[in-house]
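# Structural characterization, general
One-letter residues, chain by chain:
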Amino acid sequence: PASTTPAAASARPPAALAAIAPHPSAVSAPSALPVSLSSPPPPPLPLPRPLMPMAMPMMASPMTTTPTRIPRTTNSAPPTPAGPAIRVLQSEISRHDVLLGRGGGTNKHAGNIAFRNYVCEHQPAYVQSRKRDKSTIAKQIVAQVRSLNGRFLKIEGENTSGDPNVTVWIDVGDKRATEKTSQALR
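Remember, predicted model here, so these are calculated numbers, not experimental data. (Residues numbered from 1 in each chain as written. Predicted model: local features only at pLDDT ≥ 70, side-chain atom pairs only at ≥ 80, totals over all residues. Heavy atoms only, no water.)

## A closer look at the pattern of salt bridges
Definition in use: By convention in these notes, a salt bridge is any Lys or Arg side-chain nitrogen within 4 Å of a carboxyl oxygen on Asp or Glu. Working definition: helices are DSSP H or I runs of at least four residues, strands are E runs of at least two. Numbering for both runs from the N terminus. Relative accessibility under 20% of the residue-type maximum defines a buried residue, over 50% an exposed one, and the middle range a partly exposed one, all with a 1.4 Å probe and only protein chains included.
All chains considered together, the criterion is met by 5 salt bridges. With a shortest N-O distance of 2.8 Å, Asp 174 and Arg 146 are connected by a salt bridge. On the criterion of sequence distance, the pair formed by Asp 174 in helix H6 (residues 173-185) and Arg 146 in helix H5 (residues 131-147) is long-range, its members being 28 residues apart. With respect to class, Asp 174 is no different from Arg 146; both count as buried. It is possible to trace a salt-bridge network through shared partners that takes in Arg 146, Asp 171 and Asp 174.

Now the structure itself:
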């Protein structure tokens with residue numbers, strides 16, 4: 001056993017000093033307990049890990065990437081006025097109009113086929129986007145249809161005249177068109 005005088009302690013190699021000195025976290029008050037030379041020093045305390053927000057599990061570092069923003073369209077058509085419904089006869093429906101409803105008549109219409117193509121183009125971005133950006137994507141598709149002078153039309157009511165050319169359609173407006181587009185994007 002070596003002596004524990006200050007002169008002898010300063011002559012020891014640094015590893016021996018670590019065995020004598022208590023761990024910094026254990027020093028709270030002077031203690032009269034003897035220090036054992038045979039036990040190794042306690043391991044160093046681990047550094048605290050930075051906390052990652054739960055909303056970003058896929059990001060490598062919050063500082064290296066920025067969230068993707070959906071660009072706004074600048075040349076979109078003006079929104080449909082919220083005034084009285086625009087009435088359209090069956091013979092006035094264009095190939096750019098999107099017909100709301102069910103069945104083969106609406107599915108085979110050229111405007112609905114183009115609309116489904118727009119939806120397929122935007123669907124990957126819609127699925128990966130945040131909730132607040134989803135309506136922006138739907139509004140972009142509505143603006144794309146409107147920029148071609150297309151309308152979102154639904155049948156106003158039952159045709160009581162018996163003539164298929166007298167069927168009256170109404171434009172549902174941008175709000176309802178955006179809802180239907182969001183539904184198609186899901």
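There is more to say after this.
## A few points about the packing of aromatic side chains
Rules: Stacked, edge-to-face and tilted are the three classes for Phe, Tyr and Trp ring pairs, Trp counted by its six-membered ring, which pair at centre distances within 6.5 Å; planes under 30 degrees apart are stacked, over 60 edge-to-face, the rest tilted. By definition here, charges over rings are those cases where NZ of Lys or CZ of Arg is within 6 Å of the ring centre and within 35 degrees of the ring normal.
Applying the stated criterion across every chain, the model contains 1 aromatic pair. Between Phe 115 and Phe 152 the ring centres are 5.8 Å apart and the planes differ by 85 degrees, which places this aromatic pair in the edge-to-face class. One end of the pair, Phe 115, is in helix H4 (residues 110-128); the other, Phe 152, is in strand S3 (residues 152-155), and 37 residues separate them in sequence. Residue class for Phe 115 comes out buried when judged on its relative accessible area of 10%. Taking the relative accessible area as the measure of exposure, Phe 152 reaches 1% and is therefore buried. One Lys or Arg, Lys 134, reaches over the ring of Tyr 126 and ends 4.5 Å from the middle of that ring.

## Thoughts on the confidence of the model for the protein
Spelled out, the test is: Values of pLDDT, the confidence the predictor places in each residue, fall between 0 and 100. Here a residue-residue contact requires only that any non-hydrogen atoms of the pair lie within 4.5 Å.
Of all residues in the protein, 54% attain a pLDDT of 70 or more, and the chain-wide mean is 74. Below a pLDDT of 50 lies the segment residues 52-67, which in the model reaches 6 contacts outside its immediate sequence neighbourhood of four places, other chains included. Low pLDDT, under 50, characterises residues 70-82; the predicted model gives this stretch 18 contacts beyond four residues in sequence or across chains.

## Remarks on the packing of H4 against H5
Selection rule: Interaxial angle, 0 to 180 degrees, is taken between N-to-C directions of lines fitted to C-alpha atoms, where a helix line uses only the stretch in contact. With respect to orientation, any angle under 35 degrees is reported as roughly parallel, any angle over 145 as roughly antiparallel, any angle of 65 to 115 as roughly perpendicular, and every other angle as oblique. A crossing counts as left-handed when the near helix is turned anticlockwise from the far one by less than a right angle, and as right-handed when that turn is clockwise.
In the contact formed by H4 and H5, the axes pass within 10 Å of each other and the chain directions differ by 160 degrees. One way to sum up the angle between H4 and H5 is to call them roughly antiparallel. Our pair here, H4 against H5, has a crossing hand that is right-handed. Packed against H4, whose contacting residues are Phe 115, Tyr 118, Val 119, His 122, Ala 125, Tyr 126 and Val 127, the element H5 presents Lys 134, Ile 137, Gln 140, Ile 141, Gln 144 and Val 145 at the interface.

## Here we look at H4
Spelled out, the test is: A helix is expected to span 1.5 Å multiplied by its residue count minus one. What the bend at a residue measures is the angle between two axes, fitted to the seven residues ending there and to the seven starting there.
Look at H4: 28 Å from first C-alpha to last across 19 residues, which is about the 27 Å you get at 1.5 Å a residue. The sharpest bend along H4 reaches about 50 degrees and sits at His 122, with the proline Pro 124 one to four residues further on. When we look at burial in H4, the residues that qualify are Gly 111, Asn 112, Phe 115, Tyr 118, Val 119, His 122 and Tyr 126.

## Here's the deal with the nonpolar core
The condition that has to hold: Residues grouped as a nonpolar core are buried Ala, Val, Leu, Ile, Met, Phe, Trp, Tyr and Cys residues, joined through side-chain atoms within 4.5 Å.
Grouped together as the largest cluster of nonpolar side chains are 15 residues, with contacts concentrated most on Val 98, Phe 115, Ile 141, Val 145, Phe 152 and Leu 185. Secondary-structure elements contributing two or more residues to this core are H4, H5 and H6. Counting 5 residues, the second-largest nonpolar core is a separate cluster that includes Val 88, Ile 93, Leu 153 and Trp 169.

## Some thoughts on the pairing of strand S4 (residues 168-171)
Going by this rule: Pairs of strands are assigned from DSSP output, requiring at least two bridges between the strands.
Of the pairings in the sheet, the one linking strand S1 (residues 87-89) to S4 comprises 3 bridges and is antiparallel in character. When the bridges of S4 are listed, Leu 89 appears paired with Val 168. Pairing of S3 with S4 involves 3 bridges; the strand directions are antiparallel. Each bridged residue has a counterpart across the sheet, and for Ile 155 the counterpart in S4 is Trp 169.

## Some details on the pairing of S3
Here strand S2 (residues 98-99) pairs with S3 via 2 bridges, running parallel. Residue pairing across strands places Val 98 opposite Phe 152, the latter belonging to S3.

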